[in-house]
Amino acid sequence: MSRFCVAGSINIDLVTKTSRFPKPGETMYGESFHTFTGGKGANQAVALAKLGADTAMIGLVGNDIYADDYMAYFKKLGVNTNSVKGVETSTGIAVIIVDGDGENNIIIVSGANAKVDADYILSNSDIINDSKYLLLQLEVPMDAVVQAAKCAAESGTRVILDPAPAVPLADELLKYVDIITPNETEAEILTGIRPADEAGFASAGRILIDRGVKTAVMKAGSRGAYVFSDNMLTHVEGFRVTAVDTTAAGDTFNAGLAYGLGAGMPLMKAVRFANAAAAISTTKAGAQGGMPTLAEAQSLLDTLN
Ligand code: RIB
Ligand code: NA
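Residues numbered from 1 in each chain as written. Chains lettered and ligands numbered in written order. Predicted model: local features only at pLDDT ≥ 70, side-chain atom pairs only at ≥ 80, totals over all residues. Heavy atoms only, no water.

Trainee: In this structure, what is going on with the coordination of the sodium ion (ligand 2)? I would like to understand it.
Mentor: For a metal with four donors in a tetrahedral arrangement, the ideal angle between donors is 109.5 degrees, while six donors in an octahedron ideally sit at 90 or 180 degrees. Each protein donor to the sodium ion (ligand 2) is listed here as S281 (O), K284 (O) and G286 (O); together their distances run 2.4 to 2.6 Å. For the sodium ion (ligand 2), the donor residues sit on a single chain with the sequence spacing S-x2-K-x1-G. Assessed through its relative accessible area of 1%, G286 is described here as buried. (Donors = N, O, S within 2.8 Å, 3.2 Å for Na, K, Ca; no water. Buried < 20%, exposed > 50% of the residue type's maximum accessible area, 1.4 Å probe, protein only.)

Structure representation (structure tokens):
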């Protein structure tokens, strides 16, 4: 029985580093090029595995060299890949530009991820039912996301949804969600409010609860997170680090949150743990490069005690 199950995307990230983003029509020279493992779903699974969690992945890869490499890497980390299969197309790709401030721009070519459908989820529902937490994001088709959330809700598995990349969502999905974790942009798309201050986060949080989720944990980058729960807003301060690459900080946050809750931490403590894990993840290049071990996350937390 896996404690954590992640259903979602598996991408290879093709990352170019440059001083600034090119303007439309401009040709410029970059500083470096690297190939990294990524994808919002796989990033969450890898972050959980690095923390030492018992983790299963549900997803699809293509029939290329990237697929073989990724499968070998999952196995090395101890991620359960019984529900990851190869299909006749390309593995998901993300073309990423990172600028001098560590900010990123991303273009995704879905490939195999586009073939993750409701039937595929249903054929792997056992692993969802047997898990304590199901982590979802939005880089696979919506019918698959809804099906996975439904399977989880019906079997008492708790659902943590990262509503990224930002798209509008149906209440049909939100009613199955225990915790939703939007950033400011995603919160605006889901609520019509772009939260800038505490009042804004409270209003956005209230709307998310009205739409059916049980708890809203709104990510605010280096400022940490704003939690709307039990009709109350709580700010959980972030950690100050020197960011090299913020890619997948959000994915690491979600993994940290799930890990913390799975380890029995109360919600605010789990959010603090998630803030620490996410902060550390930005200190190294690549989506998964900086993802911390449990000891690394713990030592950042200890600096404040
Ligand atoms: O959240 C970061 C991820 O988004 C990257 O790893 C990339 O694959 C994109 O899907
Ligand atoms: Na990183």
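Text resumes after the structure shown.
Trainee: When you look at the site of ligand 1 in this model, what are you seeing that I'm missing?
Mentor: Taken together, 13 residues form the shell around ligand 1, and within it D13, G39, K40, E139 and D251 come nearest. Within the backbone of G39, a nitrogen or oxygen atom sits 2.8 Å from an oxygen atom of ligand 1. Between N43 and ligand 1, the recorded distance is 3.0 Å, taken from a side-chain N or O atom to an oxygen atom. For ligand 1, whose free accessible area comes to 280 Å², the fraction covered by protein is 96%. Within the residue set of the shell around ligand 1, elements represented by two or more residues are β2 (11-17) and α1 (40-51). (Near = heavy atom within 4 Å. Polar contact = N/O pair within 3.5 Å; in protein donor to acceptor, adjacent residues only side chain to side chain. Areas by Shrake-Rupley, 256 points an atom, 1.4 Å probe, with all protein chains shown as cover. Helix = DSSP H or I, 4+ residues; strand = E, 2+ residues; numbered from the N terminus.)

Trainee: Is there a simple way to think about helix α9 (residues 249-262) in this case?
Mentor: An α-helical turn contains 3.6 residues, so a residue and the one three or four places further along point in the same direction. In this model α9 runs 20 Å from its N-terminal to its C-terminal C-alpha over 14 residues, within 8% of the 20 Å that 1.5 Å per residue would give. Backbone geometry just downstream of α9 places G264 in the positive-phi region, at approximately 90°. (Expected span 1.5 Å × (residues − 1).)

Trainee: What exactly am I supposed to notice about helix α2 (residues 65-77) here?
Mentor: With 13 residues, α2 should reach 18 Å at 1.5 Å per residue; the first-to-last C-alpha distance of 19 Å fits that figure. Of all the residues in α2, the buried ones are A67, Y70, M71 and F74. For α2, the buried positions fall inside an angular range of 100° around the axis, keeping them on one side. Opposite the buried face of α2, at more than 90 degrees from it, the exposed residues are I65, D68 and K76. In the core, the buried residues of α2 are packed alongside β2, β3 (32-38), α1, β4 (55-61) and β5 (80-86). (Arc of directions from axis to C-beta. Contact = heavy atoms within 4.5 Å.)

Trainee: Before we go on, may I ask you to explain the pairing of strand β12 (residues 225-229) in this structure?
Mentor: For a regular strand, the rule is simple: side chains alternate between the two faces of the sheet. Judged by how many residues are buried, β12 sits mostly within the fold: five of five residues are covered. Of the two faces of β12, the one holding A225, V227 and S229 and the one holding Y226 and F228 are both buried throughout. Pairing analysis gives four bridges linking strand β11 (residues 215-219) to β12, with the strands arranged antiparallel. By the bridge assignment for β12, K219 is matched with A225. Turn length for the β11-β12 hairpin, with the two strands adjacent in sequence and antiparallel, is five residues, and the turn residue G221 shows positive phi of about 60°. Pairing analysis gives five bridges linking β12 to strand β13 (residues 232-236), with the strands arranged antiparallel. In the sheet register, F228 faces β13, and the bridge partner there is L233. (Pairing = 2+ DSSP bridges.)

Trainee: For this particular structure, what's the right way to read the sheet that holds strand β7 (residues 104-109)?
Mentor: Through backbone hydrogen bonds, the strands of a sheet pair up, either in parallel or in antiparallel fashion. Read across the open sheet, the four strands follow the order β3-β2-β6-β7; overall the sheet is mixed. Looking at which strands have only one partner, the edges of the open sheet turn out to be β3 and β7. Sheet twist, expressed as the average angle between the axes of neighbouring strands with direction ignored, equals 20°. Two elements, β2 and strand β6 (residues 92-98), share seven bridges in a ladder whose sense is parallel. Considered in β6, the bridge of N11 is made with G92. (Axes fitted to C-alpha atoms, helices over the stretch in contact; angles between N-to-C directions.)

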